[in-house]
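Report on the structure
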Amino acid sequence: QVYLVESGGALVQPGGSLRLSCSASGSIFSVNAMSWYRQAPGKQRELVATITSGGSTNYVDSVKGRFTISRDYAKNTVYLQMNSLKFEDTAVYYCTARISYGSHSWEENDYWGQGTQVTVSS
């Protein structure tokens with residue numbers, strides 16, 4: 001079994017900062033790509049940021065220059081540093097990871113955390 005646990009969500013003022021964390025644990029052979037998604041009320045879930053096993057990153061246009069995704073390979077943990085937060089960043093943020101549970105190519109699944117609430121309000 002593999003588990004992803006997010007933390008760091010909070011109520012913050014516009015212009016403030018937060019750092020979200022997500023740690024993977026369980027039957028892990030290797031952790032491949034890790035990503036953050038978010039879903040605001042009445043809107044579809046969107047991909048916010050991705051970091052590959054090699055450290056390459058991608059961001060949705062609306063957060064470029066404000067958010068930074070990073071990872072600690074030894075701890076199987078991914079972070080999302082969120083700066084200059086705006087009202088429209090309010091959402092439940094979800095961590096996801098592509099994880100191999102064995103050495104073969106088919107021994108790989110995507111796993112999701114339960115989400116953490118980020119609210120930006122004055």
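Attention here is on the structure that accompanies the text. (Residues numbered from 1 in each chain as written. Predicted model: local features only at pLDDT ≥ 70, side-chain atom pairs only at ≥ 80, totals over all residues. Heavy atoms only, no water.)

1. Thoughts on the overall build of the chain
- What the chain contains, in helices and strands, is zero helices and eleven strands.
- Reading the chain from its N end, one meets helices and strands in the order β-β-β-β-β-β-β-β-β-β-β.
- Against the globule reference of 14 Å for 122 residues, the chain gives a C-alpha radius of gyration of 14 Å, in line with a compact fold.
- Each principal axis of the C-alpha atoms in the chain carries an extent, and together these give about 50 × 25 × 25 Å.
- The burial tally for the chain puts 39% of its 122 residues in the buried class.
- Intrachain contacts of the chain at a sequence separation of at least 6 include 55% that bridge at least 24 residues.
- Here the chain has roughly 6,600 Å² of accessible surface; of this, 46% comes from carbon and sulfur atoms.
- Averaging the locations of the 10 positively and 9 negatively charged side chains of the chain gives two centres separated by 6 Å. (Helix = DSSP H or I, 4+ residues; strand = E, 2+ residues; numbered from the N terminus. Rg over C-alpha atoms; globule rule 2.2 N^0.38 Å. Buried < 20%, exposed > 50% of the residue type's maximum accessible area, 1.4 Å probe, protein only. Contact = heavy atoms within 4.5 Å. Areas by Shrake-Rupley, 256 points an atom, 1.4 Å probe, with all protein chains shown as cover. Lys, Arg positive; Asp, Glu negative; His and termini not counted. Charge placed at Lys NZ, Arg CZ, Asp CG, Glu CD.)

2. Observations concerning the sheet that holds strand β1 (residues 2-7)
- The antiparallel open sheet is built from four strands, whose spatial order is β1-β3-β8-β7. Taken across any chain shown, the strands that pair with only one partner, and hence form the sheet edges, are β1 and β7 (67-72). Averaged over all neighbouring strand pairs, the angle between strand axes comes to 15°, with direction disregarded.
- Pairing between β7 and strand β8 (residues 77-82): six bridges, direction antiparallel. Bridge pairing in β8 places Phe-67 opposite Met-82. (Pairing = 2+ DSSP bridges. Axes fitted to C-alpha atoms, helices over the stretch in contact; angles between N-to-C directions.)

3. Remarks on the pattern of salt bridges
- Overall, the coordinates contain five salt bridges when judged by the stated rule.
- For the salt bridge of Asp-89 with Arg-38, the shortest nitrogen-to-oxygen distance reads 3.0 Å. Placement of the pair is Asp-89 in the loop between β8 and β9 (91-100) and Arg-38 in strand β4 (residues 30-39), with a sequence separation of 51 residues.
- On the basis of relative accessibility, which here comes to 0%, the residue Asp-89 falls in the buried class. (Salt bridge = Lys/Arg side-chain N within 4 Å of Asp/Glu carboxyl O.)

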